[in-house]
Amino acid sequence: MSKYDYLIVGSGLFGSIFAHEMSKNGKNCLVIERRSHIGGNVFTEKVENINVHKYGAHIFHTNDKKIWDYIQQFADFNRYTNSPIAIYKDELYNLPFNMNTFHQMWSIKTPEEAKKIIESQKKEIDTETPDNLEEQAIRLVGKDIYEKLVKGYTEKQWGKKCNELPSFIIKRLPVRFTYDNNYFNDLYQGIPIGGYTKIIKKLLKGIEVKIDTNFFEDRKKWENIADKVVYTGMIDQYYEYCFGELEYRSLKFESETKNMENYQGNAVINYTESEIPYTRIIEHKHFEDTASSKTIITKEYPIEWKKGYDAYYPINDEKNMKILEKYQKLGKKEKSTIFGGRLALYKYYDMWEVIKESLDAVKLELDNLKK
Ligand code: FDA
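What counts and what doesn't
- Residues numbered from 1 in each chain as written.
- Predicted model: local features only at pLDDT ≥ 70, side-chain atom pairs only at ≥ 80, totals over all residues.
- Heavy atoms only, no water.
- UniProt positions renumbered as here; feature names shortened; annotations may be inferred.
- Near = heavy atom within 4 Å.
- Polar contact = N/O pair within 3.5 Å; in protein donor to acceptor, adjacent residues only side chain to side chain.
- Areas by Shrake-Rupley, 256 points an atom, 1.4 Å probe, with all protein chains shown as cover.
- Helix = DSSP H or I, 4+ residues; strand = E, 2+ residues; numbered from the N terminus.
- Nonpolar A, V, L, I, M, F, W, Y, C, P; charged D, E, K, R; others polar.
- Pairing = 2+ DSSP bridges.
- Axes fitted to C-alpha atoms, helices over the stretch in contact; angles between N-to-C directions.
- Phe/Tyr/Trp six-rings, centres within 6.5 Å; stacked < 30°, edge-to-face > 60°.
- Buried < 20%, exposed > 50% of the residue type's maximum accessible area, 1.4 Å probe, protein only.
- Lys NZ or Arg CZ within 6 Å of the ring centre and 35° of its normal.

Named according to an unreviewed UniProt entry, the chain is UDP-galactopyranose mutase originating from Methanobrevibacter cuticularis. Checking UniProt for the chain, the heading Cofactor (unreviewed entry) contains the comment "FAD".

J.: What is the right way to read the site of the ligand from this model?
T.: E33, H58, I59, Y349 and M351 are the nearest of the 32 residues found near the ligand. Within the side chain of R342, an N or O atom sits 2.8 Å from an oxygen atom of the ligand. For the ligand, an oxygen atom lies 2.7 Å from a polar atom in the backbone of M351. Computed on the free molecule, the ligand has an accessible area of 1,000 Å², of which 97% lies beneath the protein chains in the complex. Of all the secondary-structure elements, those providing two or more residues to the shell around the ligand are α1 (13-24), α12 (341-344) and α13 (351-370). Here the shell around the ligand is composed, by residue class, of 17 nonpolar, 10 polar and 5 charged.

J.: Is there a simple way to explain the pairing of strand β11 (residues 248-258) in this structure?
T.: Sheet faces and side chains relate simply in a regular strand, where the side chains alternate between the two faces. Strand direction decides the pairing type here: β11 and strand β15 (residues 313-314), joined by 2 bridges, are antiparallel. Bridge pairing in β15 places R249 opposite Y313. For β11 and strand β14 (residues 295-304), the ladder comprises 10 bridges, and the chain directions are antiparallel. Within β14, the position partnered with F253 by the bridge is E300.

J.: Explain the sheet that holds strand β16 (residues 337-339) to me, please; I cannot follow it from the model alone.
T.: Strand pairing in a sheet is mediated by backbone hydrogen bonds. Such pairs are either parallel or antiparallel. What the 5 strands build is an open sheet, ordered β9-β2-β1-β10-β16; its pairing is parallel. Looking at strand neighbours, the two that pair on one side only are β9 (208-210) and β16, the edges of this open sheet. For this sheet, the mean angle separating the axes of adjacent strands, direction not counted, is 20 degrees. Here strand β2 (residues 29-32) runs beside β9; their pairing, made up of 3 bridges, is parallel. By the bridge assignment for β9, V31 is matched with V209.

J.: Would you explain the packing of aromatic side chains in this entry?
T.: The geometry of an aromatic ring pair is captured by two quantities: the separation of the ring centres and the angle between the planes. Taken as a whole and judged by the stated rule, the model has 27 aromatic pairs. Plain terms: the ring middles of Y231 and Y238 are 4.9 Å apart, the flat faces sit at 55 degrees to each other, and that makes the pair tilted. Judged by its relative accessible area of 5%, Y238 falls in the buried class. Site record: aromatic cluster; members linked through ring pairs are F215, F216, Y231, Y238, Y239, F243, Y327 and F339. A cation sits over an aromatic face here: R35 above Y55, 4.1 Å from the ring centre. Between the NZ or CZ atom of R219 and the centre of the ring of Y238, over which it lies, the distance is 4.5 Å.

In structure tokens:
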């Protein structure tokens, strides 16, 4: 018999929820985490009394009442509404694309006027099957919005020209003909008061956790320490890259403390022109309306991913999906490893989706144990 029922590799949302629920069901769990802190990418750290989102802006939003109720056991949420601003050269626009944006862009006031302009610009691309992202975007929102608000931002994000990117990246570009700057359509959204790390700490309370501990540095030992492994790291690394590396986009975060109360007046401002190398500036105090005489801002630079860098956005193109399929085939044969979370499944997940995946994995596991 092994010392633990489950070894959980990774203390992000997936791993922490799995560990929490299994411990509640009497199982003995050990969590190992290669970083120097728990929480994965939702980690927040208090600096100058401000909860800093260390791995980019994290706004909780969902339409799933069960998930909303579940996460609120671990924190109270504020009523934060995500309403980002876009800056293009010296022009300022509201996002998502809505009547405020159209007024700022064309000085029009009514939905009818806005629709007319967009429809006439969309006609410039007269194909139903766009060849690339540029054509797809113009087909969806017309030329002006594409050139000022989509083109530069997207090219920075992916490191490629829009006419070289596949059209599937942009399936939809939501356009709203009301004066509504709320970015998400979801029923529930907010920021946990006190930060996300508080949630993770509550989830892992009473569970043994080892930080600065990489599964691969002593793989044999870790595999033998528990009956089962729950693995939330990169799937290609788990299989020693035997079918090749999966590709990602990475990010570089540059934070600075400013000796002023309010730097930009909003939590998120996107910089959509290609000449500015970062995609956005986050001003963390606005997520929670924190009292502090100082403020902390973070510039987010998309960068090329290389082995050893933090992997953020999977590049789900045909080449990578073919490689993934091969790893998934091997994964299905595993009897004592459960794969979960964004890195093991090579998929961009919002937080609510990861929570749901983890709760589903727990249920499946408990059902299997009863058999
Ligand atoms: P996560 O990556 O958090 O956890 C995996 C953990 O495993 C990491 O801590 C890692 O260090 C550890 N690990 C990996 N390999 C290991 C090894 N070999 N040994 C030990 N440990 C290992 N979602 C949302 O709903 N609203 C939002 O606003 C945002 N914003 C956002 C911004 C940015 C820039 C990104 C990249 C993502 C978002 N997200 C988001 C998505 C959100 O970050 C995501 O859903 C969760 O963090 C995923 O949690 P996981 O547990 O799957 O992975």
